[in-house]
Each structure stands twice: as C-alpha cells, then as structure tokens.
Amino acid sequence: MKRENTSEYRKQNFWSGILFGLGMVAFIDETAFHQLLHWHHFYDKSTTSIGLISDGLFHAFSWFSTIWSLFLLADLRRKKAFWLKRWIGGLFLGAGLFQLYDGTVQHKFMKLHQIRYHVEILPYDLTWNITALMMVIFGLVIVLRTRKSEGMIKNES
C-alpha cells in the first residue's frame, strides 16, 4: 500500500462538500417544508401557481448543486484524493451557510417567505437560525483543523 497526499486537492474536497451540503439542506427544506408540510413556497408573494413554479426552480437548483458536488467527488475518488474529514467540514459549512442565508436574508430581509404562517414565528426562526449557526461552527472547526494538516489516504498499489 502506498499513501498519497491529498493536500493539493484541499479546495476540491472543500467545494465538493460545500455544494453537497447546500444541495442536501435545500432538498430537505424543499421536500419537508414546501411539499410535505405545505408551510410555504420559495416565493410566497404571488399566486399558488407562481409559488409552485418557484419551488420547482428551487428544487432544480438543489439538484444541480448536489450533482455538481458528486462529479467533483467522483473526480477526487478517481484521483485517489478524497479527503473525508475535509469534505464533511465543507458539507456542514455549506449546509449551515445556506440555512443561515435562507433564515436571515430570504425570510427577514427579502421577505420571500416565512418558515410558517399563522403561528408565533419566533420559536421557528430561533430553531432554524440556531441550527444553522451550529452547523456553520461545526463545519468551520473541521475545515480549519484540516487546513494545515495533510490529508492522507491509503491507496492500493
């Protein structure tokens, strides 16, 4: 067995994880809150039809991000340069940043939609944004720890 250094692929591992985390959280948001629970649409300032179209575009965006991340991941695997720890750090960072962006910019500043309507919104907002911050912090810690260390994987000769 030989060991191969993955440090030259740090950025690709990081961005693959970021894109996968972003796509994963967007997919969960769209599936759970838009489709199953019917709490909101991506864009709630118009008709239901426009809301459904916006959900479709949002869904396409989440899958584009996920598929792009998997192409990067496949390339890393082919080069025997996949660095799981760094990728997971990117995943949590991407997921948390997307959720924080959604909960602050889209919900509060742009007012595209709320998490839920006709209820006391503060507990939902706090849960959404605190969860996002926890994911950002967790992902950032992992990414920073892998920044200086060398990612080593075992490859069969």
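As the structure is a computational prediction, the values presented were derived from the model and not from experiment. (Residues numbered from 1 in each chain as written. Predicted model: local features only at pLDDT ≥ 70, side-chain atom pairs only at ≥ 80, totals over all residues. Heavy atoms only, no water.)

Taken as a whole, the largest pocket encloses approximately 170 Å³ of empty space. Around the largest pocket, the lining residues are Val-25, Ile-28, Asp-29, Phe-33, Trp-39, Gln-99, Ile-115, Tyr-124, Thr-127, Trp-128, Thr-131 and Met-135. Put simply, the parts of the chain that give the lining of the largest pocket at least two residues each are α1 (10–36) and α4 (122–148). Looking at side-chain class alone, the lining of the largest pocket contains 8 nonpolar, 3 polar and 1 charged residues. (1 Å grid on protein atoms, 1.4 Å probe; cavity = no way out; pocket = protein on both sides within 12 Å on 5 of 7 lines; lining within 4 Å. Points joined across faces, edges and corners; volume = space filled by probe spheres on them. Helix = DSSP H or I, 4+ residues; strand = E, 2+ residues; numbered from the N terminus. Nonpolar A, V, L, I, M, F, W, Y, C, P; charged D, E, K, R; others polar.)

Moving on: the confidence of the model for the chain. For the chain, per-residue confidence averages 86 on the pLDDT scale, and residues scoring 70 or more make up 89% of the total. For residues 151–157, every residue scores under 50 in pLDDT, and the model assigns this stretch 25 contacts once sequence neighbours within four places are set aside. (pLDDT = per-residue confidence, 0-100. Contact = heavy atoms within 4.5 Å.)

A word on the nonpolar core. Ranked by size, the top nonpolar core spans 8 residues in total: Tyr-9, Phe-20, Leu-73, Leu-76, Ala-81, Phe-82, Trp-87 and Leu-91. Looking at this core, the elements that each hand over two or more residues are α2 (48–78) and α3 (84–109). Contact partners of Phe-20, with chain neighbours within four places excluded, come to Thr-66, Ser-69, Leu-70, Trp-87 and Leu-91. Grouped together as the second largest cluster of nonpolar side chains are 7 residues, Leu-22, Val-25, Ala-26 and Met-135 included. (Core = buried A, V, L, I, M, F, W, Y, C linked by side-chain atoms within 4.5 Å. Buried < 20%, exposed > 50% of the residue type's maximum accessible area, 1.4 Å probe, protein only.)

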